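Listed below, chain by chain, are the residues.
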Amino acid sequence: MKHIFALTMRNNRIFLRDKMTVFFSFLSLIILVALYFLFITKIYTDSIEQDAAELFSMDAANFLVYIQMIAGVLILNSLSLSLGVFSLAARDFETRRVDNFLLTPTTNGRLLLSYFLSGFGVSFTLNSFTWLFSWTIIGLSTGYWLAFSVVLFSLLILLLASLISCSVMMLITSLVRSSTALGVINGILGTLIGFLAGIYIPLVNFGDGTIKVASLIPHTHLTIWLKRVVLESAFDALDAPDEIRTLIGDVFFSAKSIGFLGFDVDLPVMLIFCGAAGSLCLGAAVVVLRKRLRRR
């Protein structure tokens, strides 16, 4: 346990000291927020004004848009934040620093666990601060607040998102042998998931084929889950009628379950699928990385 803790703290310190790595880990968040404030927010608020202008003030409309926006951003963030630590793992393999670790009393399993714990710790901790900060700023700027119990429950969703994201990133790290390539993959993956998870554009605007592909990605269902949770609390705060909740939540903000490959599957079942997919990725990553370590 002592060796795992020491290696994990070493990874965290190196990551936090590298300001450029930290910045690029937040790059997806920065780009997405910029896109929202530049033009996506206007599209959403215009739609709300067109269909429910008599029910929501401008502050109320902004509250709904910002809350669903940050829900998508946080799920995407769980993926990009963990990349920073796993790019460190890739560099350790590139520079053969892992060979030095293996000369110590540590084992392959402890070394791999330390990378996973570092990725998870960084992803969940920074994402939690981002969520609490965003909740405060949105509340102060609009005058509407989510229930604090919902904020805490959202942290549990982010914990699961970080676990799954770290499992996916660990598998990608095991297959890609260059830290530079990981950075490129992060940019492509962030953009792809941003669209397929309904974060940039509502899923109803895509064709059936695209939605079927999106249903294969765990982060799509995690986004839907988190949006449902925060929007339900937001609708309660605004005392919105049921038909408006369905229209805005399901159609405008992509909070409706999309099933699996066109089949009507409830969201709880899809969340079990997300956990299973994450476990499969983690298991595959451990197998591949153990083989790489044994060859040294």
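Here the structure is a predicted model, which means the values were calculated and not measured. Within any chain, residue numbers begin from 1 and follow the written order of that chain's sequence. Totals for whole chains, interfaces and linings use every residue, but because this is a predicted model, local features are given only for residues with pLDDT of at least 70 and side-chain atom pairs only at 80 or more, for both listing and counting. As a rule here, side-chain values cover all heavy atoms of the structure and leave hydrogens and water aside.

Turning our eyes to something else, we now look at the overall build of the protein chain. Within the protein chain, the regular secondary structure consists of 12 helices and 0 strands. For the protein chain, the sequential pattern of α-helices and β-strands runs α-α-α-α-α-α-α-α-α-α-α-α. Burial here depends on accessible area, computed with a 1.4 Å probe over protein chains only, as a share of the maximum for the residue type. Under 20% is buried, over 50% is exposed, and the range in between is partly exposed. Relative to its full complement of 296 residues, the protein chain shows a buried share of 54%. Looking at the protein chain as shown, the accessible area adds up to about 13400 Å², and 68% of this sits on carbon and sulfur atoms. Elements are defined by DSSP. Helices are runs of H or I of four residues or more, strands are runs of E of two residues or more, and each kind is numbered from the N terminus. Here the Shrake-Rupley method, with its probe set to 1.4 Å, supplies the accessible areas, and only the displayed protein chains count as covering residues.

Here we take up unusual backbone geometry. Located in the positive-phi region is D239, a residue other than glycine, with phi close to 55 degrees. If you trace the backbone, D239 turns up in the loop between α10 (218–238) and α11 (242–252). Owing to a relative accessible area of 65%, D239 belongs among the exposed residues under this scheme. Of note in this structure, L261 is not a glycine but carries a positive phi near 55 degrees. Inspection of the secondary structure assignment puts L261 in the loop between α11 and α12 (267–294).

Right, let's talk about the environment of L156 for a bit. Position of L156 among the secondary structure elements: in helix α7 (residues 148–175). Among the residues examined, L156 registers a relative accessible area of 53% and is labelled exposed. In this structure, the C-alpha to C-alpha distance between L156 and S128, residues 28 residues apart in sequence, is 9.8 Å.

Looking now at the pattern of salt bridges. For this document, the term salt bridge refers to a Lys or Arg side-chain nitrogen within 4 Å of an Asp or Glu carboxyl oxygen. According to the stated counting rule, one finds 2 salt bridges in the structure shown. The salt bridge involving R245 is made with E232; its shortest N-O contact spans 2.8 Å. Note that R245 is positioned in helix α11 and E232 in helix α10, a separation of 13 residues in sequence. In this structure R245 comes out as buried when scored by relative accessible area, which is 16%. Its relative accessible area of 41% is what places E232 among the partly exposed residues.

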